[in-house]
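# Topology and contacts: notes
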There are 2 protein chains.
Amino acid sequence: MASLGEFGLIEIIKKQFSGTGKSKNIVAGFGDDCFCFKPGKSDICVTKDMLVEDVHFKKTLIGPFDLGCKAVEINVSDIASMGDAKPKYIFIGLGCPAGTSADFIKKLYSGMKKTCDKYGVIIAGGDTVKAGKLIISVTVIGECGKNIVKRSGAKNGDFIGVTNTFGDSAAGLALLTKFGAKHKFNKDQKFLISRHNIPKARLAEANKIAEYITSMTDASDGLYISVDLIAKASGKGANIYIERIPLSRQLKKIEPDFFKQTKSALYGGEDFELVFTVPASKARIVKQLVPAVSYIGIINNTKKVRYFYNGKEEKTKYSGFKHF
Amino acid sequence: MASLGEFGLIEIIKKQFSGTGKSKNIVAGFGDDCFCFKPGKSDICVTKDMLVEDVHFKKTLIGPFDLGCKAVEINVSDIASMGDAKPKYIFIGLGCPAGTSADFIKKLYSGMKKTCDKYGVIIAGGDTVKAGKLIISVTVIGECGKNIVKRSGAKNGDFIGVTNTFGDSAAGLALLTKFGAKHKFNKDQKFLISRHNIPKARLAEANKIAEYITSMTDASDGLYISVDLIAKASGKGANIYIERIPLSRQLKKIEPDFFKQTKSALYGGEDFELVFTVPASKARIVKQLVPAVSYIGIINNTKKVRYFYNGKEEKTKYSGFKHF
């Protein structure tokens, strides 16, 4: 790294990204102090997220390509959370430890590029700085359609829906932590690990259902916190029926203890599934549009979120992923 | 910090920022996964910068309030570099070591808030994560007017102008490093230190001269690199007349050695003065609009940047501030 230098690093990054960044809406780009673009008529949404080595990821458990994919996916997931929005431009800030190899950087950016291409996102700029640990700081700018969905729109009687299974990511991380990345995992284990290392933003799903739903967020810190965020922002309460929380076949197989499955689903972070509310009358069409949707509860006016298992209330306790 | 928790930290930040974030153009904000706003008819500019502890600053040499001011100023400086642009929204990502006190965070955000208020910038969001060292990752979104200035527009015969003196920041840092922040500095020394710790973005100056100039950048990595960036981006060369580089009275007094003054001016980073080119016919009006402007050289077609001192060419060597 010392010999690579910042300008050498920028050259590698430019090479990785050649071919992106071409759009008639771009007024000024790479090589200027700012990136300038012509906005459309629609509103603009912005999200910003930082991934820090040994806090959000360990280099021993995730390879640079997957890490690059994940850094983009989780930011696109925030755009998806707004329902009717599409990511357009991405800015990547990289804090780089002195010992980082050019090969690592190439693979990292290659993962980012592949994921950006998948979503039609243009890599618009960023900065590289020296840092003690690897830091990936991403800003995504998107364009909104007319059906922007906030966290605060949940209404009494709305169904609470989720876009897919919960708990896989935490189980995948547990497997990686227990056996190490070089272990020979079976197919089911690999599925859970890939759910952790390369989560998929539910952008297409969000765009499809945006016009019908009343609130939404993405579950980055666990289902429990996501439901809480929606309830609090909307000034509502909720009943959640634990037996309805969708669990993958793989999670059930690898973790036969139902209590542990549920714990992983409720408190495990980084599933990046969407959690949303929808009027009962629209629940069927949403399920038709996105068949993987499950309904796990109902919004009410109590201002309390309560959990039930087979009709009996379960006292749950906050223990989600706290960064501090 | 451990007891403060991420949500505690967010509460402190929210309190610091109460009163900001109110605008009829904001569609969704704090408490949603994205910040959404209605763009005007003008183009949008984006800049992103990271400050890392012990790379870009040392906590022993700059207090949290000044650091907060500086983090905002240097990003506004990038917006100013585009000439006819105004900063609108800021996103602050904070990587926070475990031992950071609530008082430190409050002062840091207080400095940011004061500087944002000065420029009419709305604090639109951000994220806080745990990190080994303090990291401040800032994204600013601005609105462009019709006279956007790139680095690449310099023309043969253009004058090369700068908005104020160079070398002060590097001299201020040298004083701090030599004597420590607690030393009793005299007035001249304090001036140089403040030029390092709280640089001022030349936004008003940039806005005034934008319609007359052909290229611009802000000198974050030294005057030498800034001239080089403009020349390269424009496919031009330049002659720089060293005796014309403006030096402050304070720098000359504290560093009587002219060679060292010049070195500080050319290679010292973080002056954040604007470096621009202007057709000879417009040089006078620009100087009238911003009296602190000095002209230090002329653009030519040689593709080489050459330095002269009293008519004699000086062979200079690149030794600017390299991050790696």
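Refer to the structure presented above.
So, here's what we can say about the structure. Keep in mind it's a predicted model, so treat the numbers as computed, not measured.

Rules of the game
Residues numbered from 1 in each chain as written. Chains lettered and ligands numbered in written order. Predicted model: local features only at pLDDT ≥ 70, side-chain atom pairs only at ≥ 80, totals over all residues. Heavy atoms only, no water. Helix = DSSP H or I, 4+ residues; strand = E, 2+ residues; numbered from the N terminus. Rg over C-alpha atoms; globule rule 2.2 N^0.38 Å. Buried < 20%, exposed > 50% of the residue type's maximum accessible area, 1.4 Å probe, protein only. Contact = heavy atoms within 4.5 Å. Areas by Shrake-Rupley, 256 points an atom, 1.4 Å probe, with all protein chains shown as cover. Buried area = accessible area lost by both parts, 1.4 Å probe. Salt bridge = Lys/Arg side-chain N within 4 Å of Asp/Glu carboxyl O. Polar contact = N/O pair within 3.5 Å; in protein donor to acceptor, adjacent residues only side chain to side chain. Lys, Arg positive; Asp, Glu negative; His and termini not counted. Least-squares fit on C-alpha atoms with pLDDT ≥ 70 in both. Pairing = 2+ DSSP bridges. Axes fitted to C-alpha atoms, helices over the stretch in contact; angles between N-to-C directions. Parallel < 35°, antiparallel > 145°, perpendicular 65-115°, else oblique. Nonpolar A, V, L, I, M, F, W, Y, C, P; charged D, E, K, R; others polar. Left-handed = near helix turned anticlockwise from the far one by under 90°.

### Here's the deal with the overall build of chain A
Along its length, chain A carries 10 helices and 13 strands. The globule rule puts the C-alpha radius of gyration for 324 residues at 20 Å, and the 20 Å found for chain A is close to it. Each principal axis of the C-alpha atoms in chain A carries an extent, and together these give about 65 × 50 × 35 Å. By the burial criterion, 58% of the 324 residues in chain A qualify as buried. Here the contacts in chain A between residues at least 6 apart in sequence split such that 85% fall between residues at least 24 apart. For chain A, the accessible area works out to roughly 13400 Å², and carbon and sulfur atoms hold 53% of it.

### So, the interface of chain B and chain A
The partner chain A presents 60 residues to the 60 residues of chain B that form the contact. Roughly 5000 Å² is buried in total at the junction of chain B and chain A, and carbon and sulfur atoms are behind 65% of that figure. Across the chain B-chain A interface, the total number found is four salt bridges. A:D33 is paired through a salt bridge with B:R151; the nearest N and O atoms lie 3.1 Å apart. At the junction of chain B and chain A, the tally comes to 18 residue pairs in polar contact (both at pLDDT 80 or more).

### Some points on the pattern of salt bridges
In this structure the tally under the stated criterion is 32 salt bridges over all chains. A:D228 is the salt-bridge partner of A:K232, the closest N and O atoms lying 3.0 Å from each other. With A:K232 and A:D228 both in helix α7 (residues 223–234), this residue pair falls four residues apart, about one helical turn. What makes A:D228 partly exposed here is its relative accessible area of 23%. Its salt-bridge partner being B:R195, residue B:D168 comes within 3.0 Å of it at the nearest N-O pair. Pair noted here: B:D168 is in helix α4 (residues 168–179) and B:R195 is in helix α5 (residues 187–197), with a separation of 27 residues, a long-range link. When salt bridges that share partners are traced, they join A:D168, A:R195, A:R202, A:E205 and A:E273 into one network.

### Regarding the side chain of A:D127
Structurally, the position occupied by A:D127 is in strand β5 (residues 122–130). Comment: no salt bridge for buried A:D127; closest opposite-charge side chain is B:K48, at 4.2 Å. A polar contact is formed between the side chain of A:D127 and the backbone nitrogen of B:M50, at a distance of 2.7 Å. Ignoring any residue separated from it by four or fewer positions in sequence, one finds A:D127 in contact with A:I92, A:G93, A:L94, B:K48, B:D49 and B:M50.

### Things to note about the relation of the copies chain B and chain A
Least-squares fitting of chain B to chain A yields an RMSD of 0.0 Å, with the transformation described by 0.0 Å of translation along the axis and a rotation of 180 degrees. Such a combination of turn and shift is consistent with a two-fold rotation axis. When the interface residues of chain B are mapped onto chain A, 100% of them are again interface residues, pointing to one common binding face.

### Description of the sheet that holds strand β3 (residues 44–52) of chain B
Spatially, the six strands line up as an open sheet ordered β1(A)-β2(A)-β3(B)-β6(B)-β4(B)-β5(B), and their pairing is mixed. With partners counted over all chains shown, the strands left at the sheet margins are β1 (26–28) of chain A together with β5 (122–130) of chain B, one partner each. Strand after strand, the sheet turns through a mean of 25 degrees between neighbouring axes, direction not considered. Pairing between strand β4 (residues 83–96) of chain B and β5(B): eight bridges, direction parallel.

### Brief notes about the packing of helix α4 (residues 168–179) of chain A against helix α5 (residues 187–197) of chain A
Residues and elements named next belong to chain A. Where α4 meets α5, the axes come as close as 7 Å, and the angle between the chain directions of the two elements is 110 degrees. Put simply, α4 runs roughly perpendicular to α5. Here D168, S169, A171, G172, L173, L175, L176 and F179 of α4 lie close against α5, whose contacting residues are Q189, F191, L192, I193, R195, H196 and N197. When the residues that make up the contact of α4 with α5 are grouped by side-chain class, the tally is eight nonpolar, five polar and two charged.

### Section: the pairing of strand β10 (residues 274–278) of chain A
All names here are of chain A. Counting buried residues in β10 gives five out of five residues, a clear majority hidden from the surface. Judged by which residues are buried, β10 turns out to be covered on both faces: L274, F276 and V278 on one side and V275 and T277 on the other are all buried. Note: strand β7 (residues 159–162) against β10, four bridges, orientation antiparallel. In the strand pairing of β10, F159 is matched with V278. With four bridges connecting them, strand β8 (residues 215–218) and β10 associate as antiparallel partners. When the bridges of β10 are listed, T217 appears paired with V275.

### Remarks on unusual backbone geometry
Residues and elements named next belong to chain A. Backbone geometry places K303, a non-glycine residue, at a positive phi of 65 degrees. When you line up the elements, K303 lands in the loop between β11 (294–300) and β12 (305–309). On the basis of relative accessible area, K303 is assigned to the exposed category, the value being 63%. Non-glycine residue N310 carries a positive phi angle of around 50 degrees. Mapping N310 onto the fold places it in the loop between β12 and β13 (312–314). Its relative accessible area of 55% is what places N310 among the exposed residues.

### Topic: the packing of helix α2 (residues 64–80) of chain A against helix α3 (residues 102–119) of chain A
All names here are of chain A. Relative orientation of the contacting elements α2 and α3 amounts to 40 degrees, with a least axis distance of 6 Å. The way α2 lies across α3 gives a crossing that is right-handed. When α2 is examined against α3, the residues P64, F65, L67, G68, C69, A71, V72, E73 and V76 are found in contact with a partner set consisting of F104, K107, L108, S110, G111, M112, K114, T115, C116, K118 and Y119. Residue composition of the contact of α2 with α3, grouped by class: 12 nonpolar, four polar and four charged.

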